[in-house]
Amino acid sequence: MNLTEKEISYTTTNSYATLNTLSATTKNVWFVCHGMGYLSRYFLRYFQGLSAEENYIIAPQAPSKYYTPPKFKHVGASWLTKETTVKDTENIMRYFDSVLEAEGLPDGINLIVLGYSQGVSVATRYLAKRQLPCSQLVLHSGGIPKELVAADFQYLDASTKVSLIYGTEDDYLKDERIHHEKKRAAELFGNRLQIIPFEGKHVVNVELINGLV
């Protein structure tokens, strides 16, 4: 068998979803990256408790859609796998660039970047690769990519807040794993970091999100 794996480039189209309206009353713009198995329009439901006048939320859509178990009737999506991770990351970074370009956010806006579960990996990679200024970075129940180092985030302003949020009963973050993630976050973000555990499983904590602003 003479198997050859080849590579091409082509133009593709992807959606994203927003909540509320960007206006003169907007104080905070959120760029929120959902976890595996979500669609962006449904992920936005977790942000409905924020003031609609003051908060505008942008939810990019992971590109790889699939039918979710156990009944395989509902559709979810995934950002990355261990297969061709570097190339897929580059594609996602360019997609994020296009989303922010399309939104045309005003200079000096209070930008909050949030990643939930698998979304932590793409959110942190995007900040590191694009050196994107933000007022807050929220790492909710996910893992920080192994290749990222403290130097990747030295550009962040000293006032930038970084929150590590996790459930104490999270099946995906056992004691050893959460100890590792806390250590990694402290190494990368230093004094900017605040660690916020809550009693609960691998779920989006709406109350804590609402309390960030």
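The notes below deal with the structure included here.

## With respect to helix H3 (residues 119–130)
Reasoning step 1: Look at H3: 16 Å from first C-alpha to last across 12 residues, which is about the 16 Å you get at 1.5 Å a residue.
Reasoning step 2: Counting buried positions along H3 yields 10 of 12 residues, so the element is predominantly enclosed.
Reasoning step 3: Taken together, the buried positions of H3 are Gly119, Val120, Ser121, Val122, Ala123, Thr124, Arg125, Tyr126, Leu127 and Ala128.
Reasoning step 4: Lining the buried residues of H3 we find strand S2 (28–33), helix H2 (85–103), strand S6 (110–116) and strand S7 (136–140).
Reasoning step 5: Downstream of H3 by a residue or two, Gln131 has a phi angle that is positive, lying close to 55°.

## Points about the sheet that holds strand S9 (residues 193–198)
Reasoning step 1: Overall, mixed pairing links the seven strands, which are arranged S1-S3-S2-S6-S7-S8-S9 in an open sheet. In this open sheet, the two edge strands, each paired with only one partner strand, are strand S1 (16–19) and S9. Geometrically, the sheet is characterised by an average inter-axis angle of 15° between neighbouring strands, direction not taken into account.
Reasoning step 2: Both S2 and S6 contribute to a ladder of six bridges, which runs parallel. Pairing of Phe31 across the sheet is with Val113, part of S6.
Reasoning step 3: Running at roughly 140° to S6, H3 makes contact with S2, S6 and S7 of the sheet.
Reasoning step 4: Seen against the sheet, helix H4 (residues 175–189) touches S7, strand S8 (161–167) and S9 and runs at an angle of roughly 180° to S8.

Calculation rules
Throughout this document, residue positions are counted from 1 along each chain, in the order its sequence is written. Restriction of local features to residues with pLDDT of at least 70 applies here, the model being predicted, together with a cutoff of 80 or more for giving and counting side-chain atom pairs; totals for whole chains, interfaces and linings are based on all residues. Only hydrogens and water are set aside when side-chain values are computed; all heavy atoms of the structure are taken into account. Think of it this way: any DSSP run of H or I at least four residues long counts as a helix, any run of E at least two long counts as a strand, and we number them from the N terminus. A helix is expected to span 1.5 Å for every residue after the first. With a 1.4 Å probe rolled over the protein chains alone, any residue whose accessible area is under 20% of its type maximum counts as buried; one over 50% counts as exposed, and the rest are partly exposed. Residue contacts follow a heavy-atom distance rule, with two residues in contact if any of their heavy atoms lie within 4.5 Å. DSSP bridges decide pairing: two strands pair if at least two such bridges lie between them. A fitted line through C-alpha atoms serves as each axis, taken over the contacting stretch for helices, and the angle formed by two N-to-C directions is quoted from 0 to 180°.

Purely geometric numbers; function is a separate question.
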